[in-house]
Amino acid sequence: MNKFGEKKDDDSESNSSELMLINLDKGQVIQEKRAFNETPVQPRKCSLVISQFLFLLARGDSFTPNEATDIFFAATKLFQSKDIPLRRLMYLLLKEFSTISKDAIIVISSLTKDVIHKIELYRANAIRILCKITDSSILPQLERYFKQAIVDKDPHVSSAALVSSIHLLKVSPEVVKRWANEVQESISNKSNMVQYHALALLHRIKQHDRLAVRKLVNSLIKNSVKSPYAQAYLIRCAVEVIEETHTEDRVYFEYIESCLRSKNEMVAYEAARSICSLKGATPKEITSAVGILQMFLCSTKSTLRFAAVRTLNKLAQTNPTAVIPCNLDMENLISDSNRSIATLAITTLLQVGNESNVDRLIKQIANFLGDINDEFKIVVVKAITNLSTKFPKKFRHLITFLNKILRDEGSLQLKQSTLDAILYVVNTIPDSKEIALSELCEFIEDCEFPDLSVQILNLLGQEGPLTNTPNKYIRYIYNRVLLDSGIIRAAAVTSIAKFGLLYEPMKEKIMILLKRCLLDEDDEVRDRATLYLSLFKEDNKRVLERVLIDDLPVPTQNLQRSLEAYLAQDDTTDPFDIGTVSTVLEQTQSPTISGKLSQTNQLGASSSPTNASTPGLSAAESVNQDLAKLAQIPQFATYGRVLKSTELVELTESESEYVVSCVKHIYKENIVFQFNCTNTLDEQRLDQVQVKMVPSNPKSMKNLGFMAIDQLKCNDPQSCYVSIGYNIQQAGYPIVSFTNTLKFKAVDVDPSTGEADDSGFDDQYPLERLEIVPSDFIQKTYTSNFKEEWEKLPDPPKPTCFQLLGVKTLKAATQEIISTLGMAPLDKTEQVPDKSQKHQILLSGKSIHTGTLIYAQARIKPDASGSNTDVALVVKSSDEDLIDFVYSAFI
Amino acid sequence: MNLLPDIYQVKAIIILDKNGNRICSNFYDLDLKEFKTEKDKREFEKVLYNKSKSSNCELELIEQLLVVGNKTGDIMVFVIGLQSGNEIALLDVLTTVMSCIKKICSQPGSLTTEDSSNVTISKKSLLNDFSTLKLYLDEIISDGIIFELEDDTIFSRIPLPDQTIVNAIEMAKEKISYFTSSR
């Protein structure tokens, strides 16, 4: 019971009243509540009991619903007391217990009496409890009390009513929306807080109606709201308007800029950080915002210094030059007594730094590394990693520094980020390889995290044999086999085998080492050693390469998911085909070497967990849902099996009134276009929604029909379908594009009641074009020996040459070619090495109809002007039609 | 992304003693993973305490949270918000909480000096007048929304009992003898 019991020994000076609270017994206090029943009520006694209840709650004691109900009901007796301090305490007690107690509704009549009581304190507090115990069925009866309280002249009452209404928006938004006029009236209340609460509530009431929000913001920025909190809120509203509407109107920017000059630091800071975060801010605005932040940097309040440097740090990521004026002030902050501020100052300086002062900065950070926590160390690690791209010559310092962090005490998360950083440096600066590898060898000698050891062993096996002195790594790796746990030993065995494969002179020695592993107690280690050894004995290089070097052609998560889906289906007579696994990596969670650093999840970046997780569900799962829906539609049942479903294509801007995206489902002789439609207007309902598609080349296909959506309500996405027929034997592949229009009957709806106006009108909405592309008919396949397969097929007369207009970089061109052809890139040719002048992409795939293999080789280089890319494409296959179709995509 | 300006700015107010034990903690957003259960809350207090042991605990970043704090007397006070929030607003809240705590500790009868310019902040005084502390916090924040920050307004909204506090203490003493004898 007495969780705090031990504490009393340390506090020798603790007096008796403290002890009394600490040793409070719940059962006893519940007994004490009988004081509430005494007549006349004794305020002193009751106050003490309430105070004890509050302490129990604060201490974390839990009450059962029955206990809470008893206490709640006992406390309602105190409504009879006229002692104001006791009443205030009673309100707090009722509020605290209202959420645990049953039947709290019973006090509503007492509360409604207090809501119109002449004492303000009663009115304000009664309304704050009311909002806790009402639900949407009772609220309409209480409406008039709320409306009256909102316009109450007393700020306490008005604020209480407004804040309660904000809470009630979660319970019963429809009712609260009806109070907009009263809320509007209270915005002009003289009290700062009432203004703030009124503005926030009004904005929330209108939040789904963009035009109304804009009007509200427009009128308020002209009327110069005086309350600082309301100003700060209004700034955020203005930011919202700018970001949502992409307005050209500078009036919002002007308002925010004017707030920079506010005497209130919070408002000035809100304005400054808003400007720094807005893409459309002019250099002049940014300069004045940075000026304000610069003043904060020298403030005596550490919170202000922190706020300023945090914002500058974020700004430096996108606009380093804007931060330069503050360099001197930030240098002073390096010695700030608050380590958080110092870290942010340094990382900001690193981002804007130049080659000459990098060494000095790194030294300075190393000095206080021991004082900062892991989260900040991760920030430092990321900043350091970015430096490697900027100042590749400094790799020696960077690697030494990163390695120091890796060796020091730290969480797995920190060490993983550090290791990722080292891998990144090794990948971008080849010169750093040897020093990094030998540092890592030392590290695995006493690494406490198996995960990291495995990754490092993997890297050693991959890179070690290619260095000048492969011999020196073997000792470290073999030590792991002798000293570590099973999973690490297995990784070490694989790593050793790679040396044997990639560095011929060591092969014999490697075989001796592998032999020694044959009697390992761990199955996995033994299996691996046995397999490698027998392959070495056969000298079967090709299989060894496949086993040791070739990566899995698809991301492992995707493979796992596909395998699970395969096993879950009833019919497993068809063998599993790895070609059906999506190669699109949905989330970059795996510790892959490259690409990791593009996610600048820097300190301060507001990474709200909700928006990070939603896109994660994508691709595979949504495709499965689509297919399940499709299977239920009788019209399409005769088409047979879906051969392929394409990736989702957006046909509208994601912020438009109607959002439409399309998935193509390819059948043997049909294509079904599935249009996912969302209506974002709450005052409109769309009836008979369908997409009209006009083909550019009507002959190559026949239109078979469509399925419309009966009723499309606001924010309730549904799909309509169009199906077409094609026949490759008769008309060839359908080389065609479509002009699309969304057609519907718009019916006005009252958003508050949901009632529809009978008279609708026909309307339409233009959509983006859609094309049939080769990737729709080609499935990815993987071959480990492209060259051999390529040679087998007859040579085409000569490569087909064309230009990708407006594609400036080799990377973009590579992406475009791969996605248009829908074939699998081989030998990592999807990665364009930095700074290369030309590139060759190797691709393989097969027809979804016949399974005929198709290979392609594309050479790309920028044209003379630098704004387009020249492509020479060779496609080989035994299917001539397919070859023509692939070429047709570009010409 | 939800761009809606956040009005639920304050996620928690936590007051700990110098050993990291809770004096009074108000958690406003129970959806946050840090505050889901009593165990999570205690855990968070521990993290907070450990982080601020060595520093002056003015500022901390813990996962997605931003903490502004103050160490005075034998207590530590923390105001917690989201990292995307405005730290100066949190500082304003902290300032108000501090002046309420000062007010409690400077009341006659709170067993400390009555010189208002030099108030000794102590856990003792806070626990002595625990209900007033809860009432002040209730007037500052309403379920995470900043309700009022003007300290004089807040003081005027919490009426003090007519009877002198000394009487209350007498009353408390009676209770103590009651508790200790019953144990």
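Provided above is the structure to which this section pertains.
Residues numbered from 1 in each chain as written. Chains lettered and ligands numbered in written order. Predicted model: local features only at pLDDT ≥ 70, side-chain atom pairs only at ≥ 80, totals over all residues. Heavy atoms only, no water.

Novice: Looking at this model, I keep getting lost on the overall build of chain A. Mind explaining?
Specialist: Broken down by element type, chain A carries 40 helices and 17 strands. Burial statistics for chain A: of 891 residues in total, 53% are counted as buried. For chain A, long-range pairs separated by at least 24 residues make up 64% of all intrachain contacts whose partners lie at least 6 apart in sequence. Carbon and sulfur atoms make up 51% of the accessible area of chain A, which amounts to about 41,500 Å² in all. (Helix = DSSP H or I, 4+ residues; strand = E, 2+ residues; numbered from the N terminus. Buried < 20%, exposed > 50% of the residue type's maximum accessible area, 1.4 Å probe, protein only. Contact = heavy atoms within 4.5 Å. Areas by Shrake-Rupley, 256 points an atom, 1.4 Å probe, with all protein chains shown as cover.)

Novice: For this particular structure, what's the right way to read the side chain of D879(A)?
Specialist: All names here are of chain A. Considering the arrangement of structural elements, one finds D879 in the loop between β17 (869-877) and α40 (880-888). For the buried D879, no salt bridge is present, and the opposite-charge side chain at shortest range is K668, 13 Å distant. D879 has contacts with Y733, T850 and T852, leaving out every residue within four places of it along the chain. (Lys, Arg positive; Asp, Glu negative; His and termini not counted. Salt bridge = Lys/Arg side-chain N within 4 Å of Asp/Glu carboxyl O.)

Novice: Just checking my understanding: could you explain the packing of helix α5 (residues 65-76) of chain A against helix α6 (residues 84-98) of chain A for this structure?
Specialist: Packed helices, taken two at a time, are described by their axes: the angle between them and the distance between them. All names here are of chain A. Running from amino to carboxyl end, α5 crosses α6 at an angle of 155 degrees, the nearest separation of the two axes being 10 Å. On the basis of the axis angle, α5 is roughly antiparallel to α6. As for how α5 packs across α6, the hand of that crossing is left-handed. Taken together, the residues of α6 that come into contact with α5 (itself represented by A68, I71, F72, A75 and T76) are M90, L93, L94, F97 and S98. Split by residue class, the contact of α5 with α6 holds eight nonpolar, two polar and no charged. (Axes fitted to C-alpha atoms, helices over the stretch in contact; angles between N-to-C directions. Parallel < 35°, antiparallel > 145°, perpendicular 65-115°, else oblique. Left-handed = near helix turned anticlockwise from the far one by under 90°. Nonpolar A, V, L, I, M, F, W, Y, C, P; charged D, E, K, R; others polar.)

Novice: Any chance you could explain the sheet that holds strand β5 (residues 75-82) of chain B here in plain terms?
Specialist: Think of a sheet as strands paired side by side through backbone hydrogen bonds, with each pair either parallel or antiparallel. Strands sit in the order β2-β1-β5-β4-β3 (chain B) across an open sheet of five strands; the sheet is antiparallel. Single-partner strands in this sheet number two, and they are β2 (22-27) and β3 (59-62) of chain B. For this sheet, the mean angle separating the axes of adjacent strands, direction not counted, is 20 degrees. The sheet contact formed by β3(B) and strand β4 (residues 65-72) of chain B spans four bridges and is antiparallel. Bridge pairing in β4(B) places L61(B) opposite L66(B). Against the sheet, helix α19 (residues 302-318) of chain A touches β3 and β4 of chain B, its axis set at about 45 degrees to β3(B). Lying over the sheet, helix α1 (residues 38-53) of chain B contacts β1 (12-17), β2, β3, β4 and β5 of chain B, oriented at roughly 120 degrees with respect to β2(B). (Pairing = 2+ DSSP bridges.)

Novice: It is not clear to me how the pattern of salt bridges should be interpreted in this structure. Could you clarify?
Specialist: Between side chains of opposite charge, a pair can form when the charged atoms approach closely. Residues and elements named next belong to chain A. If you walk through the whole model with that rule in mind, you get 37 salt bridges over all chains. With a closest N to O distance of 3.6 Å, R210 and E244 form a salt bridge. With R210 in helix α14 (residues 210-222) and E244 in helix α15 (residues 228-245), this pair connects stretches of sequence that are 34 residues apart. Under the relative-accessibility criterion, R210 is labelled partly exposed at 43%. Where K664 meets D776, a salt bridge forms, and the shortest distance between an N and an O atom there is 2.9 Å. Highlighted residues: K664 in strand β3 (residues 658-666) and D776 in the loop between β11 (770-771) and β12 (778-780), separated in sequence by 112 residues.

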